[in-house]
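# Secondary and tertiary structure notes
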Amino acid sequence: MEVVQIVGIGLISLVIIIILRQYKPEFTIYISLAAGAIILFLVIDQLAGVVNLLANLARTTSINSEFITILLKITGIAILTEFGVSICKDAGETAVANKIDFGGKIIIVSISIPIITALLEMVVRVLP
């Protein structure tokens, strides 16, 4: 089970970080980054499966493939933003984390404009 591996990697890195913080606190961020990268590599296959499933769903239904692409971009931006925010908070840089979070939200809103526009057009067509 991959979840056991993910939790195991997280707990092992937590123990290493706790021990390392006593002697070389400046290196703890590297352990955190390495753990995040390893976990990302463990789940990348499942992420590819979800992308393929959504692409097949878009082909077999009347869903605009542009919307699926936008949703996948939004999901990727949210995941990367959260990863960056977590790393910054682990390093004690809450101000930088907040700016990354804000920037990610602005990018998500700007990318989602075509979906919002299509929804508003559909609502206007339905209303008398």
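Counting starts from 1 at the beginning of each chain's written sequence and moves along it residue by residue. pLDDT decides what is reported in this predicted model: residues at 70 or higher carry local features, side-chain atom pairs at 80 or more are listed and counted, and totals for whole chains, interfaces and linings draw on all residues regardless. Neither water nor hydrogens contribute to the side-chain values; these are computed over all heavy atoms in the structure.

## Comments concerning the packing of aromatic side chains
Using the following cut-off: Only Phe, Tyr and Trp rings are paired, with Trp represented by its six-membered ring, and only when their centres lie within 6.5 Å; those with planes under 30 degrees apart are stacked, over 60 edge-to-face, the remainder tilted. To sort residues, take the accessible area from a 1.4 Å probe on protein chains only and compare it with the maximum for the residue type: under 20% means buried, over 50% means exposed, and anything in between is partly exposed.
One pass over the structure, following the stated rule, counts one aromatic pair. Ring geometry for F27 versus Y30: centroids 6.1 Å apart, planes at 40 degrees, classification tilted. Judged by its relative accessible area of 38%, F27 falls in the partly exposed class. On the basis of relative accessibility, which here comes to 52%, the residue Y30 falls in the exposed class.

## What about the packing of helix 3 (residues 65-90) against helix 4 (residues 94-111)?
Put simply, the rule is: Here the axes come from fitting lines to C-alpha atoms, over the contacting stretch only for helices, and the angles between their N-to-C directions go from 0 to 180 degrees. Put simply, DSSP marks the helices as runs of H or I at least four residues long and the strands as runs of E at least two long, and each gets a number from the N terminus on. Between 65 and 115 degrees an angle is taken as roughly perpendicular, under 35 as roughly parallel, over 145 as roughly antiparallel, and anywhere else as oblique. Any two residues whose heavy atoms approach within 4.5 Å are treated as being in contact. Charged means Asp, Glu, Lys or Arg here, nonpolar means Ala, Val, Leu, Ile, Met, Phe, Trp, Tyr, Cys or Pro, and polar covers whatever is left, Gly included.
Packing of helix 3 against helix 4 leaves a shortest axis separation of 8 Å and a crossing angle of 175 degrees. In terms of orientation, helix 3 and helix 4 fall into the roughly antiparallel class. Here I70, I74, I77, A78, T81, G84, V85, C88 and K89 of helix 3 come into contact with helix 4, specifically with V96, A97, I100, D101, G104, I107, I108 and I111. Taken together, the residues of the contact of helix 3 with helix 4 break down into 12 nonpolar, three polar and two charged.

## Thoughts on the packing of helix 1 (residues 2-23) against helix 2 (residues 28-60)
Look at helix 1 against helix 2: their axes get within 9 Å of each other, and the N-to-C directions meet at 175 degrees. Viewed along their axes, helix 1 and helix 2 adopt a mutual orientation that is roughly antiparallel. Residues E2, Q5, I6, I9, S13, I16, I17, L20 and R21 of helix 1 form the contact with helix 2, whose own contacting residues are T28, I31, S32, A35, I38, I39, L42, V43 and Q46. Residue composition of the contact of helix 1 with helix 2, by class: 11 nonpolar, five polar and two charged.

## Focus: the side chain of T28
Selection criterion: Any N or O atom pair separated by 3.5 Å or less is treated as a polar contact, with the protein-specific requirement of one donor-capable and one acceptor-capable atom, and with residues adjacent in sequence counted only for side-chain atom pairs.
Following the sequence through the fold, T28 ends up in helix 2. Within the structure, T28 has its side chain in polar contact with the backbone oxygen of P25 (distance 2.8 Å). In this structure, T28 is in contact with I17, L20 and R21, ignoring residues within four places of it in sequence.

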